[in-house]
Amino acid sequence: MRCFEMGYMEEYRKWMESPALTAEEHAELAALEGNEKEIQERFFAPLSFGTAGLRGTMGIGLYKMNRFTVGAATQGLANLIKQYGPRAMQRGVAIACDSRLHSDEYSHLAASILAANGINVIEYESLRPVPVLSFAVRTYGTLAGVMVTASHNPKEYNGYKVYWEDGAQLPPKEADVVAKEMDALDMFTDVKTMDHQEAIDKGLIKIIGPESDEIYLRQIQKMSINPDCIAQVADDFKIIYTPFHGAGYKLVPEILKRIGYKHVICVPEQMVIDGNFPTVKSPNPENKEGFNLAIEMAKQQGVDLIIGTDPDSDRCGTVLKSSTGDYVTLSGNQMGVLLIDYIITAKKLTNTMPPHPAVLKSVVSTEMARKVANDNGVACFDTFTGFKFLAEKIKEFEATGSHQYLFAFEESYGYLCGDHARDKDAVIASMLIAEMAAYYRTKGMTLYDAMQDMYKRYGYYAEETLSIVMPGVSGLTRMAELMKELRETPLKEVGGTAVKDVRDLQSGIQTELATGAQTEVELKGQNVLYYDLEDGTSFIIRPSGTEPKVKVYIMANGKEKAEVDAKIEKYAAAAKEIVK
C-alpha cells in the first residue's frame, strides 16, 4: 500500500483541483479546509486492496469508499483479466450487490468499466446475497466475480469483494496483481468506462435475474437432508424471519416454503430494502437488539424460532425461546456445533454419510466443534480466519480425495454446506436451521433444549470475542506496534494463569514457554498469536483484516457452566489490559 503520510495535503489538493469531481464532491472536500486531522484520515493512504477486496466508510477521499476507489479497483481487476488473454475476457465477470447506499451505483460502474475494457459481464438486475454471486461464478463459468457489499458493517460502510473462478475470494497472488495495478494507475484519468446501457445494447453486459435464482434454489434444496421431519410439524410450526433490510428478503422465505414450511412470518418493517437500516443500530445478526421487532412478534404469536440474515445474506443469526420463556440468542459457535451434530445425526439416519467425512472451522472458532465431530467419527480441520481459507481446504479435499466435507463454519455466524458456492451462505444456513428445528420438534424439543443437551453430552464450552477499535492512522500504527511488542516480549501469563505455549501463526512456530522448545505448526502466514493457557483456555489475538480493530478470542471449557463463565470473565478483563 502506498503511503502519503508526508504528502496527504498534496493529495488532498490534487483531488480538490481534479475536474473529475462533481460540484457536490468538490463541496464535500472544500468543507474540510482547516481540518488537517480529517484531511489526513482521508488522504494518508489509499484503501488497501487484499484478498478480501476493499472495505471502508463512504465519502470522498483516497482512504474512502467512493466511485473513484471502486473505479481503480475495477480497472486493476480488468488489467489482471486481460493478462490471461481473450478467452479469459470472454469468460468475464459476474457482478452483484447488496442493499447498502451506493451499492447499485458501484455495481453498475464496475460493470461499465469491465465492458469498456472488452470484458464480458453477467450482472444481476437487483440486489442478491453474497452466496448467489459465488454460485454465479461457479455456474456460469466466469473467470471472476465482484460483490459490492460491506457485509454486516454499519450503514456508513461499503465494500468491494472480488472472487476467482472457483467461487472463492481472490487468491493472494491475483490480489497482489490487482493491488499493484491500482498503485500504478491514476484513478482520475486511467480508468476506462462506457455508458452502462450502451454496454448492455452491445452485448457486453448481460442482465440476469429470477431464472438464475431458480437454479440456485434447486441446488440449495438438494442439500436438505431429512425433509420428512418438516412435513410432520409444518401445520403448526411457525418461524419468524428478518433480512435486516437486505438481500435475503426474497430467497430465504422462498427456500423455507419450498422445504415444506407453511408459516414463515417476515418482519414487515425490516423487509423494506433500505441501506440506512432504519430499524437497527447496526445490521448485524450477532446483536440481539436488531431482533427487537422480531421478538415482539414472536411473543404475540407464540413463536420459538427467529432467523435473521445480514444485509448481504452471508451471515445468519438466531433467537430462541428458552426454558424460562425468555428470548435468547445463540452464538455463531453454538449454532455451528448444533448444525454439526444435526448433520452427522441426519446423515446417519438417512444413510448418506460419505466414507471420509470432515467438518471445517476457523482457528478462532470453538473447540467444541472438534469434540462433537471426533466423538462421532468425523474429522475436524482448522483454517485461518476468513471463509476463503475454508474454501481452499474444500478445494484441497476435492483435489486429493482425502475427505468429503460435510459442513464449514466460522464463529462470526458464517456457515456453508454443499458445492454450489465457496463463501458463507445464510440462505442454506437458514434452511438447515429450520430443518434441524423441525427434527427436534418431532422429539418434543426446541433448539434451546438441544443446545443444553449437547452440553450434557460433550461438556460445557463458552467463548467470547472482544473487539478493540483502533481507527485512523494512529490505530493502524498502534495495531502494528501491539503485535510487535507481543512478539518481542511474549506473555507469560493471562489473568494470573500461566501460558503453556504460544503459536505464532505468522511464522508458523509454536513455543513451549517452560522449556523454550519450538516446533512448526501447519497454519502459517497470518498475523495471529494463539496462547494455550494451563487451564485449557485458548486466548487468541489478531488484528482484523477488514476493520480498524484488534480482536481477542477467548475459548474456555469445563464441567460446569459457572466454572466456564468465571474463566471468560477473568480473561476478558485481562484482555482489556493487554490490548490497549
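Before reading further, recall that the structure is shown in the block above.
What comes next concerns the included structure. In this convention, every chain numbers its residues from 1, walking through the sequence in written order. Local features in a predicted model are, by the rule used here, given only for residues with pLDDT of at least 70; side-chain atom pairs are given and counted only at 80 or more, and totals for whole chains, interfaces and linings are based on all residues. Heavy atoms from the whole structure form the basis of all side-chain values; hydrogens and water molecules are not counted.

## Looking at the sheet that holds strand E13 (residues 379-383)
Test applied: Criterion used throughout: strands pair if DSSP finds at least two bridges between them. Helical segments are the DSSP runs of H or I of at least four residues, strand segments are the runs of E of at least two, and each set is numbered from the N terminus. To get an axis, a line is fitted to the C-alpha atoms, and for a helix only the part in contact is used. The angle between two axes follows their N-to-C directions and goes from 0 to 180 degrees. Contacts are assigned to residue pairs with any non-hydrogen atoms lying within 4.5 Å of each other.
Pairing in this open sheet of 4 strands is mixed, and the strands run E13-E12-E14-E15 from one edge to the other. The sheet is open, and its two edges are formed by E13 and strand E15 (414-416), each paired on a single side. Averaged over neighbouring strand pairs, the angle between their axes works out to 20° when direction is ignored. Together, strand E12 (357-362), E13 and strand E14 (404-410) form the strand contacts of helix H15 (residues 368-375), whose direction differs from that of E13 by roughly 155°.

## Here we look at the pattern of salt bridges
Quick reminder of the rule: For this analysis, a salt bridge means a side-chain nitrogen from Lys or Arg found within 4 Å of a carboxyl oxygen belonging to Asp or Glu. Classification of residues uses two cut-offs on accessible area relative to the type maximum, computed with a 1.4 Å probe and protein chains only: under 20% is buried, over 50% is exposed, and between them is partly exposed.
For the structure on display, the rule yields 44 salt bridges. The salt bridge involving Lys424 is made with Glu410; its shortest N-O contact spans 3.5 Å. A residue pair is termed long-range when its members are at least 10 positions apart, and Lys424 in the loop between E15 and helix H17 (426-442) and Glu410 in strand E14 qualify at 14 residues. Taken as a pair, Lys424 and Glu410 share a single burial class, namely buried. Salt-bridge contacts for Glu563 lead to Lys567; the nearest nitrogen and oxygen are separated by 3.7 Å. With Glu563 and Lys567 both in helix H20 (residues 561-578) and 4 residues apart, the pair spans about one turn of that helix. On the basis of relative accessible area, Lys567 is assigned to the buried category, the value being 12%. One network of salt bridges, in which partners are shared, links Lys161, Asp314, Glu410, Asp423 and Lys424.

## Quick look at the sheet that holds strand E9 (residues 305-309)
The strand order across the open sheet formed by 5 strands is E8-E7-E9-E10-E11, and the pairing between neighbours is mixed. Bordering the open sheet on either side are strand E8 (263-266) and strand E11 (327-330), each of which pairs with just one other strand. Direction aside, the axes of adjacent strands within the sheet are offset by 25° on average. In the sheet, strand E10 (residues 316-321) pairs with E11 via 4 bridges, with the strands oriented antiparallel. Considered in E11, the bridge of Thr318 is made with Leu330. Sheet strands touched by helix H12 (residues 251-258): strand E7 (238-242), E8 and E9. Its angle to E8, the strand with the most contacts, is close to 170°. Set on the sheet, helix H18 (residues 447-458) makes contact with E9, E10 and E11; between it and E10 the angle comes to about 95°.

## Notes on the state of the cysteines
Heads up, the rule is: Note on terminology: disulfide denotes any pair of cysteine sulfur atoms within 2.5 Å.
Per the counting criterion, the structure on display carries 0 disulfides. The structure places no disulfide on Cys316, whose sulfur is separated from the nearest cysteine sulfur, that of Cys266, by 13 Å. Residue Cys316 is classed as buried on the basis of its relative accessible area of 2%.

## Description of unusual backbone geometry
Located in the positive-phi region is His102, a residue other than glycine, with phi close to 75°. Within the element layout of this structure, His102 appears in the loop between strand E2 (93-97) and helix H6 (103-116). Residue His102 is classed as partly exposed on the basis of its relative accessible area of 40%. Within the chain, Phe244 stands out as a residue other than glycine whose phi angle is a positive 50°. For Phe244, the location among the structural elements is in the loop between E7 and H12. Judged by its relative accessible area of 0%, Phe244 is buried.

## Comments concerning the layout of surface pockets
Defined as follows: Only protein atoms enter the calculation, which uses a 1 Å grid: trapped sets of points that fit a 1.4 Å probe without letting it out are cavities, open sets showing protein on both sides within 12 Å along at least five of seven lines are pockets, and any residue with an atom within 4 Å of a point is a lining residue. Grid points are joined across faces, edges and corners, and a volume is the space filled by probe spheres set on the points. Gly falls in the polar group here, along with every residue not listed as nonpolar (Ala, Val, Leu, Ile, Met, Phe, Trp, Tyr, Cys, Pro) or charged (Asp, Glu, Lys, Arg).
Space inside the second largest pocket adds up to approximately 760 Å³. As for the second largest pocket, its lining consists of 31 residues, of which Glu286, Ser331, Glu463, Glu464 and Thr465 are closest to the centre. Counting residues per element, the ones that place at least two in the lining of the second largest pocket are helix H14 (332-349), strand E16 (460-469), strand E23 (549-558) and H20. Here the element with the most residues in the lining of the second largest pocket is E16; it accounts for 8 residues. Partitioned by chemical class, the residues of the lining of the second largest pocket number 10 nonpolar, 12 polar and 9 charged.

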